[in-house]
Amino acid sequence: MQDLEEKLKRYAKDIPKIIAFESVYSMCGSVSPINEVGDLARKYGAITFNDEVHAVGMYGPLWTLRSKCSRTSRFRSSFHVGTNK
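Residues numbered from 1 in each chain as written. Predicted model: local features only at pLDDT ≥ 70, side-chain atom pairs only at ≥ 80, totals over all residues. Heavy atoms only, no water.

1. What about the pairing of strand 1 (residues 18-22)?
Within a regular beta strand, the side chains point alternately toward one face of the sheet and then the other, so they alternate between its two faces. Only one face of strand 1 is buried, namely the one carrying Ile19 and Phe21, since none of Ile18, Ala20 and Glu22 on the opposite face is buried. For strand 1 and strand 4 (residues 47-51), the ladder comprises five bridges, and the chain directions are parallel. What sits directly across from Ala20, in strand 4, is Phe49. (Buried < 20%, exposed > 50% of the residue type's maximum accessible area, 1.4 Å probe, protein only. Helix = DSSP H or I, 4+ residues; strand = E, 2+ residues; numbered from the N terminus. Pairing = 2+ DSSP bridges.)

2. Topic: the confidence of the model for the protein
Averaged over all residues, the pLDDT of the protein equals 75, while 58% of them reach at least 70. Here strand 5 (residues 78-81) stands out as the least confident element of the protein, with mean pLDDT 58; helix 1 (residues 2-9) is the most confident, with 97. (pLDDT = per-residue confidence, 0-100.)

3. Observations regarding helix 2 (residues 34-44)
Among the residues making up helix 2, those that are buried are Ile34, Asn35, Val37, Gly38, Leu40, Ala41 and Tyr44. Note on helix 2: the residue one or two positions beyond its end, Gly45, has a positive phi of about 70 degrees.

4. Digging into the pattern of salt bridges
According to the stated counting rule, one finds three salt bridges in the structure shown. A salt bridge links Glu6 to Lys9; the nearest nitrogen and oxygen atoms lie 3.5 Å apart. Note that Glu6 and Lys9 are positioned in helix 1 at a spacing of three residues, about one turn of the helix. Residue classification places Glu6 among the partly exposed positions, given a relative accessible area of 41%. Judged by its relative accessible area of 46%, Lys9 falls in the partly exposed class. (Salt bridge = Lys/Arg side-chain N within 4 Å of Asp/Glu carboxyl O.)

Structural data, given as structure tokens:
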């Protein structure tokens with residue numbers, strides 16, 4: 001997160017920025033810090049693009065996506081990619 005913040009600091013808040021990330025990295029099984037990404041996006045005026053395709057089925061019996069388990073109100077504007085039943 002520190003590296004991401006350093007990169008975001010380089011640009012004025014009014015310059016368009018997008019943070020693209022996955023909620024679950026399937027190769028190693030690690031889970032991304034969605035809430036912290038949202039905090040940085042809000043702080044630096046970025047939008048987010050969250051790829052949830054590998055999170056499908058991991059959270060709850062109804063195939064709930066990970067972002068729905070997070071406080072997505074932290075995101076200024078976000079796009080989610082994935083499948084959901």
